[in-house]
Amino acid sequence: MAQTEFDQPAFLARLRAGEQNAYRLLIRRFHAPMVSLAATIIGSRAQAEEVVQDAWLAVHANIAKFEGRSSLTTWLYTIVTNRARTRIVRESRTVALPSVLDGSQPGDTAVPSSAFIPDGHWAEMPRLWDEIDPERIVGGRQLWDHVQEAIERLPTGQKAVLILRDMEDRSAEEACEILGITAENQRVMLHRARSRLRADIDRITRPTAADAACARSWRIRQLRSRRRPERQSSCAPPTSGTR
């Protein structure tokens, strides 16, 4: 169980005492990711906001019963997940609950078969996930904006696992507990989500043939511009002092 500053006995005591500043800190840190997780399950951000509002009321009403068997963060996300599932049941969605967090699709694979050569090895070794840092790659927000859009397109289960593991830094065990999935499902969905995002990032960051041609043309022009002054000086007419 990953411990945070919110799991400290002093902070929990402040919550149990109903201290408003303590709740402000908690809401400021967790409201947005809780909405993202609820929206992933429900499919509606407006309804996710309502679910999270209900979840905060439940937190306030039940904080005295929180025994610390899990981290406070895990407890918060579990409340949100359960309430999102309850909303689905209450509205009689056509999607069955077990399939809400199913990260697979017919014929879905983590990476396309074209990424491998016949002997099973990578055709081109992918970069480590930890090395994919939008600010480090492009020095701005353009790529990160694209990644956020790609995350929104992920299947429900993959998106939920990715949010918890890579955006909220939850452990595999915590993600399984929050979402009610097995360790194997968690591992597969996380791998597939990361692979999809990696493929999207590679499509943006890898130069196209046109980019490569432009780069070669630029380098040739640079080389020619450096050589031109030397040819001009060698052909310059002799000065009067050399006659």
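Details of the structure are given in the entry above.
Report on the accompanying structure. (Residues numbered from 1 in each chain as written. Predicted model: local features only at pLDDT ≥ 70, side-chain atom pairs only at ≥ 80, totals over all residues. Heavy atoms only, no water.)

### Some thoughts on the packing of aromatic side chains
Thinking step 1. Within this structure, the stated rule accounts for 4 aromatic pairs.
Thinking step 2. When the ring of Phe-6 is compared with that of Phe-11, the centres are 5.3 Å apart and the planes differ by 75°; the resulting orientation is edge-to-face.
Thinking step 3. Using a relative accessible area of 8% as the deciding quantity, one classes Phe-6 as buried.
Thinking step 4. Taking relative accessible area as the criterion, Phe-11 reaches 7% and is therefore assigned buried.
Thinking step 5. With centroids separated by 6.2 Å and ring planes inclined at 85°, the aromatic side chains of Phe-30 and Tyr-77 adopt a geometry described as edge-to-face. With Phe-30 in helix α2 (residues 20-42) and Tyr-77 in helix α4 (residues 72-90), this residue pair connects regions lying 47 residues apart in the sequence.
Thinking step 6. One aromatic cluster is present, built from ring pairs that chain together Phe-6, Phe-11, Phe-30 and Tyr-77. (Phe/Tyr/Trp six-rings, centres within 6.5 Å; stacked < 30°, edge-to-face > 60°. Buried < 20%, exposed > 50% of the residue type's maximum accessible area, 1.4 Å probe, protein only. Helix = DSSP H or I, 4+ residues; strand = E, 2+ residues; numbered from the N terminus.)

### A short note on the nonpolar core
Thinking step 1. Counting residues in each nonpolar core, the largest one holds 51 residues, and the members touching the most others are Leu-15, Leu-26, Met-34, Leu-72 and Leu-76.
Thinking step 2. Taken together, the elements giving at least two residues each to this core come down to α1 (9-16), α2, α3 (45-62), α4, α7 (142-152), α8 (156-167), α9 (172-179) and α10 (183-205).
Thinking step 3. Of the residues forming this core, the biggest block, 11 residues, is contributed by α2.
Thinking step 4. With near-sequence residues (within four places) excluded, Leu-76 lies in contact with Leu-26, Phe-30, Met-34, Trp-56 and Val-59. (Core = buried A, V, L, I, M, F, W, Y, C linked by side-chain atoms within 4.5 Å. Contact = heavy atoms within 4.5 Å.)

### Comments concerning the pattern of salt bridges
Thinking step 1. Tallied over the full model, the rule gives 9 salt bridges.
Thinking step 2. For Arg-153, the salt bridge is made with Asp-200, and the minimal N-O distance between the two is 3.4 Å. Within this pair, whereas Arg-153 is found in the loop between α7 and α8, its partner Asp-200 is found in helix α10, the two being separated by 47 residues in sequence.
Thinking step 3. Salt-bridge contacts for Asp-166 lead to Arg-194; the nearest nitrogen and oxygen are separated by 2.7 Å. Taken as a pair, Asp-166 in helix α8 and Arg-194 in helix α10 lie far apart in primary sequence, 28 residues in all.
Thinking step 4. Using a relative accessible area of 28% as the deciding quantity, one classes Asp-166 as partly exposed. (Salt bridge = Lys/Arg side-chain N within 4 Å of Asp/Glu carboxyl O.)

From the geometry alone we can't say anything about function, so treat these as descriptive.
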